[in-house]
Amino acid sequence: MPAKAKWAHIADQLRDQIASGQLAPGDKLPSTAQLREEHGVSAGVVRHAILVLQMQGWVEGVHGVGVFVAERPGG
């Protein structure tokens, strides 16, 4: 069985934080640089994780401002 992709680990961790209430609707996610350093991955890996969460409705990006937990996460 192949190992889980690095972006999937990041997406899972953020999704769990949102689902548990650790990150609430309207909260800003850590920056790409912070997540990159925390997980030891490239910026592209972090961006892919965020893109997946956006497509699933968990987060919303605001150009030039950041990425925020959606008002209705996962919704």
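This text goes with the structure placed above it.
Just so it is clear, the structure is predicted and the values come from calculations on it, not from any experiment.

*Asks:* Please clarify how the layout of surface pockets should be interpreted in this entry.
*Replies:* Empty space within the largest pocket amounts to approximately 180 Å³. Considering the residues around the largest pocket, the lining is formed by Lys28, Leu29, Pro30, Ser31, Thr32, Leu35, Arg47, Ile50, Gly66 and Val67. Those elements giving two or more residues to the lining of the largest pocket turn out to be helix H2 (32-39), helix H3 (43-55) and strand E2 (66-69).

*Asks:* I'm lost on the side chain of Gln17 in this one. Help?
*Replies:* Summarising the element assignment, Gln17 is placed in helix H1 (residues 6-19). Once residues within four sequence positions are removed from consideration, Gln17 is found in contact with Gln22 and Leu23.

*Asks:* Help me out: how do you make sense of the packing of H1 against H3 in this one?
*Replies:* Relative placement of two packed helices is described by the angle separating their axes and the distance separating the axes. Close contact between H1 and H3 brings their axes to 8 Å; oriented N to C, the two are set at 50 degrees. On the basis of the axis angle, H1 is oblique to H3. Helix-helix and strand crossings are classified by hand; for H1 and H3 the assignment is right-handed. For the pair formed by H1 and H3, the contact residues are Lys6, Trp7, Ile10, Ala11, Leu14 and Arg15 on the first element and Val45, Val46, His48, Ala49, Ile50, Val52 and Leu53 on the second. Classifying every residue of the contact of H1 with H3 gives ten nonpolar, one polar and two charged.

*Asks:* Would you take a moment to explain the packing of H2 against H3 for this structure?
*Replies:* The geometry of H2 relative to H3 is characterised by a closest axis approach of 9 Å and an angle of 110 degrees between their N-to-C directions. With respect to each other, H2 and H3 are oriented roughly perpendicular. Both H2 and H3 take part in a crossing whose hand is right-handed. The segment H2 lies against H3, with Thr32, Leu35 and Arg36 engaging Ala43, Val46 and Ile50. Residue composition of the contact of H2 with H3, by class: four nonpolar, one polar and one charged.

Criteria and cut-off values
Residues numbered from 1 in each chain as written. Predicted model: local features only at pLDDT ≥ 70, side-chain atom pairs only at ≥ 80, totals over all residues. Heavy atoms only, no water. 1 Å grid on protein atoms, 1.4 Å probe; cavity = no way out; pocket = protein on both sides within 12 Å on 5 of 7 lines; lining within 4 Å. Points joined across faces, edges and corners; volume = space filled by probe spheres on them. Helix = DSSP H or I, 4+ residues; strand = E, 2+ residues; numbered from the N terminus. Contact = heavy atoms within 4.5 Å. Axes fitted to C-alpha atoms, helices over the stretch in contact; angles between N-to-C directions. Parallel < 35°, antiparallel > 145°, perpendicular 65-115°, else oblique. Left-handed = near helix turned anticlockwise from the far one by under 90°. Nonpolar A, V, L, I, M, F, W, Y, C, P; charged D, E, K, R; others polar.

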